[in-house]
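Take a look at the letters that make up each chain.
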Amino acid sequence: MIELREVSKTVMSGTEPLTILHPLSIQIARGRFLAVVGPSGSGKSTLLGLIAGLDAPTSGSVLIDEVDITRLDEDRLAKLRGEKIGFVFQFFHLIPSLTALENVSVPMEIIGLRDARQRAEALLEEVGLTGRAHHYPSQLSGGEQQRVALARALANRPPIVLADEPTGNLDTTNGRHIMELLRKIHEQRGTTIVLVTHDVELASLADSRIVLRDGRVVERVDRDVTAARAGAER
Amino acid sequence: MMFVLRMAVRETRASWRRLLFFFLCIAVGVAAIVTLRSVIQSVRGVFGREARSLIAADVLLSTNIEWTPEARQTIDRRLSEFGANERTESIETPTMSRPADGRPVARMVELRAVQREFPLYGTIGLQDGRAYSYALLQQHGVLVRPELLTALAVKVGDEIKIGQSLFTIRGVITTEAGRRVGGFSLGPRVLIDYDDLASTGLLGVGSRARRVLLVRVPDDSIEPLVRALRRDFREQFVSARSYRSNDDEVGRDFDRAENYLSLVGLVIVILGGIAISSVTRVFIAQKIRSIAVLKCVGARSNQIMVVYVLQVLALGLAGSLFGVLLARATLAAIPIAFGASTSILAEADYGLSWSAAAQGVTIGMLVSLLFSLVPLMQVRNVKPSLLLRDESTANRRDWTKLAVMVGVSLGLVGVAAWQAASLRVGLAVCLGFAGLAFVLQLAGRMLIVLIAPLTKSPSFPLRHAVLHLSRPGNQTRMILFAVGLGAFFVVGVRSLQASLLQEFSVQVSEDAPDMFLLDIQRGQADGVRAFLADGTHGASHVRLMPVLRARVTGVSGRETNLETFDDVRARGSLAREYTITYRDHLEPNERITVGAFWSGASTEPEVSVEQGIHERFKIDVGDIMRFDILGRIINARVSSVREVDWRDARSGGFMFVFRPGSLDEAPQTFIAPLKGPNDPAARAKFQHDLVEQFPNVSVIDFHEILETVRDIMSKVTLAVTVVGALVLFSGALILIGAVAMTKFQRVYEAAVLKTLGANTRTIAKMLLFEYGVLGSLAGVVGSLGAIGLTWGVSRYALEIPWRIFAGEHIGGVVLTAALVAVIGVVSSLDVLKNKPLATLRAE
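Figured I'd write up the structure that's included with this text. (Residues numbered from 1 in each chain as written. Chains lettered and ligands numbered in written order. Predicted model: local features only at pLDDT ≥ 70, side-chain atom pairs only at ≥ 80, totals over all residues.)

1. Points about the overall build of chain A
So, point 1. Scanning chain A from N- to C-terminus turns up eight helices and 10 strands.
So, point 2. Sorting the 234 residues of chain A into buried and exposed places 47% on the buried side. (Helix = DSSP H or I, 4+ residues; strand = E, 2+ residues; numbered from the N terminus. Buried ≥ 20, exposed ≤ 12 C-beta atoms within 10 Å, placed from the backbone.)

2. Section: the interface of chain A and chain B
So, point 1. Between chain A and chain B, the contact holds 26 residues from the first and 23 residues from the second.
So, point 2. Mapped onto the side of chain A that touches chain B, the elements with two or more residues apiece are helix 1 (44-52), helix 2 (74-84) and helix 3 (100-110) of chain A.
So, point 3. Considering each element in turn, the side of chain A that touches chain B owes the most residues, seven residues, to helix 2 of chain A.
So, point 4. The class makeup of the residues in the side of chain A that touches chain B is 11 nonpolar, five polar and 10 charged. (Contact = placed C-beta atoms within 7 Å. Nonpolar A, V, L, I, M, F, W, Y, C, P; charged D, E, K, R; others polar.)

3. Topic: the pairing of strand 18 (residues 632-644) of chain B
Residue and element names in this part refer to chain B.
So, point 1. Bridge analysis of strand 15 (residues 590-595) against strand 18 gives five bridges, and the strand direction is antiparallel. Following the sheet pairing, Arg591 is matched in strand 18 by Glu643.
So, point 2. In this sheet, strand 18 lies alongside strand 16 (residues 606-610) in parallel orientation, the contact comprising five bridges. Within the sheet, the bridge partner assigned to Val607 lies in strand 18 and is Val638.
So, point 3. Where strand 17 (residues 624-629) lies against strand 18, six bridges are found, and the strand directions are antiparallel. If you follow Ile624 over to strand 18, its bridge partner there is Arg637. (Pairing = 2+ DSSP bridges.)

4. Details of the sheet that holds strand 3 (residues 33-37) of chain A
Residue and element names in this part refer to chain A.
So, point 1. A sheet is described by the order of its strands in space; here six strands give the open sequence 6-7-8-3-9-10, paired in mixed fashion. Across the chains shown, the open sheet's two edge strands, defined by having one partner strand only, are strand 6 (85-88) and strand 10 (216-221). Each neighbouring strand pair of the sheet contributes to a mean axis angle of 15°, computed without reference to strand direction.
So, point 2. Where strand 3 lies against strand 8 (residues 192-197), five bridges are found, and the strand directions are parallel. Following the sheet pairing, Val36 is matched in strand 8 by Val196.
So, point 3. Relative to strand 6, helix 5 (residues 142-153) is tilted by about 170°, and along the sheet it contacts strand 6 and strand 7 (160-164). (Axes fitted to C-alpha atoms, helices over the stretch in contact; angles between N-to-C directions.)

5. Concerning the packing of helix 9 (residues 354-376) of chain B against helix 11 (residues 399-420) of chain B
Residue and element names in this part refer to chain B.
So, point 1. Put simply, helix 9 and helix 11 touch, their axes get as near as 10 Å, and they point 155° apart. Between helix 9 and helix 11, the interaxial angle falls into the category roughly antiparallel. As helix 9 runs across helix 11, the sense of the crossing is left-handed. Contacts from Ile363, Leu366, Val367, Leu370, Leu373 and Val374 in helix 9 reach Val404, Met405, Val408, Gly411, Leu412, Val415 and Gln419 in helix 11.
So, point 2. Classifying every residue of the contact of helix 9 with helix 11 by side-chain character gives 11 nonpolar, two polar and no charged. (Parallel < 35°, antiparallel > 145°, perpendicular 65-115°, else oblique. Left-handed = near helix turned anticlockwise from the far one by under 90°.)

6. Here's the deal with unusual backbone geometry
So, point 1. Residue Pro119 of chain B is reached from Phe118 of chain B by a cis peptide bond, and omega for that bond is -10°.
So, point 2. By the element assignment, Pro119 of chain B lies in the loop between strand 3 (107-114) and strand 4 (124-126).
So, point 3. Of note in the backbone geometry, Glu66 of chain A takes a positive phi value of approximately 70° without being a glycine.
So, point 4. Along the chain, the position of Glu66 of chain A falls in the loop between strand 4 (59-64) and strand 5 (67-68).

And the structure:
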């Protein structure tokens, strides 16, 4: 369960304060697939960063499984991310000096899993990259890199996966492939997924979505509504 | 822990090329430390281990007059009191030797007449491998050094004439206990039986023979015995010393050499450390995204820190071990450099000293860790949110980092103090280092302010170069800091090196006299002058100086009043016998500090005293000194104080110089320093002809000694130059490190400028301006700092006069500027060549 209570974010732009996110409250129940949609600069990525504890809110609190993460120090936050949150970025952010297999192993090694290597191999198989395990990121295509990133995000079987424009840097085919994988994870593992995108079509794959504009929520679409509409169209 | 270890291995695997530089810096620094330490320990060992056999006794008593019965009584009493269990006597005197067959050659030798028990320590090695025995000397036998065989063209079994007696050569000495170290010998050693000495007739009146008593005593009695004997013979011309005092004298020279080399070693290590700091900074800057990713997937800051610290330690260890290997190779090359040299330095065994190796490796690891720790602290400030959007890391006041910086500074002081074997020196070096860093930071700020008006320059490259120097996140202060420190150390060490070498060269210049004629009688002076002036004999730089033996018997002056000779004796060395001279001019190595030097002769006795006499005994201009010159009493007025540069031995040095007039008729002899013919055959003939014509004149030939000293000096010069080059190399490493540090930023900028239409030439010019200005300023600040460094080190560490070598400093500035400009532009070549799109995409 993810809960944001009156969370806001203001930064200094030169000498002027600039509000990126106006106070907002959201509850994301366990096992949901939420899409956060909005144009560039609307505060989507900031919201995702706040949920992951990558950034601290100016006001309000962020609760993950009822723990207020705004009160945790950096190391506890890192531990929490390692155990509960998987991350997928638009620019993949693989570690260039490690092979695909090693990139996937890292989160498991950090928490001291003994069978990290075997699990990493299994994960790569799951995303269809068995043959590419010993390649470095620079030797992989964009789509392959993103699949490695996805395998890495799943390494510690996190209950939550946060994806920031995961298809933004990919062509349509590869983008679709990644989305299918995300859906599969959501359905098979019951993982909570928060997907940030500006692509409305992708967002429609989610159970529910919120639309941000200039740091405010301008629209919330419930899962049942979506499902009902989908049913009507069908 | 497994994660940390695995990551450290993977990171090293991935970045080893970039870290090669790190490795190199440490290797060079450690190699320097280990080599310098090993060499100094080896050479010191040669002297130290052999200290006892160098004087062949525990305690040595010597006098230039015959032992009086009273003196013998005192000695006997003391020796039995301190449990001396063995003693032997010998007599040493320089004399001429000739072949018995009357051929026209002669050679000055150092004759030593010994008894059965000699030597008490050490051995006498013979060329054919036989063991030395006293029997070889008995019945007019003689053992000689190989040089004499060559000089006189004789062989074992032949007879040679020493004084009035004939001796048969029974063997050739290769190594010899009781050889004096450091002092000059007047000729090759010749050993005869003590009992045969009388027959030579060399012990007559006016003989320069030195009587020596060698004693063996239990270890704990050595120093008390020496002290007691010194007390007993305070007022007589008997000196007592132990093998340790011999060691101490030599030890001082070694301390000086070791201090210098330790400081140079330290400098090389610090230069390496600065380069390491630069490299680590670049390395971490390039790793920021990876660090953010690691944090994002759950790694804690400390875990990541440990990954990099482990890497640093592994590199430090590998670099240090490689440095030890380099040192080993260098040490192996030293005997090759010495070649067939016969100097005592060539006798040392230049092995790798394990203590030096251990010290080198420890310092290598410590320096790697200390210099990389502060840049590594950056890891803590990396925020995983930068994966979502670009943001600069906040510059909050970081107390942990501050604490680490304090700890690192203390660690560096510790390393410096350890390396220089003195907390004071270590602290001084580190404070100087910090002071210079501060000045360089300040200079950087001032430069930015001063060149601000140039941003309005009509030249595009100049305008942009200036903008680069002052923009946010500029490289100005970092490059100034690193290069300025490099220039400071390199110019400083080179100036010190020049200073040291000049110090040496004064002592062994080419036109230094290499022959001395002694005991020229007054009646022979004109004849000897004519002989030397005869061009066919090949002598040059000849001067005849009158010398007299004199003793100070009283002083009446403003501060010092010594009525009787007993009063003078109470002043220690003032009572010794002095060799004096008279002349109407100053020598080139003399300078008047008080009063005025006379011109012309006067019957009124006047004397000029040496600075040391003036200071130690408080004898001033206007005081009257009473001298006993061979029984004749002369009261002379002190009219000037002279400073003598004792290192410049070409003109000799006298404590007392008299005004011509009053001493002209006193009993005197002449000495003549001169430069003899260079050809060995001509030298032999010169000596023979001179001795034939003036039999009483002694010839002391310094040629071989000077050659040996020159040989050693050229080796030392080579060593010092190599060390200087090593420092220069480290300086260049720093520069490369500093340039590399800001390169990634420049590559991107150049790509943008190219996209906007700037051509390669414009960008090259821009880089040239930027680095030229930085290099010049770094050179100026470093060079000025080096003046301070040489002053402090010359005065306090090396105890030599302070000299400024303008060439080194000006050259330092010009070279630094040129080097920075060239390295800056060359290392940016790919910036100039690259197609901009590739660079922009990579960003």
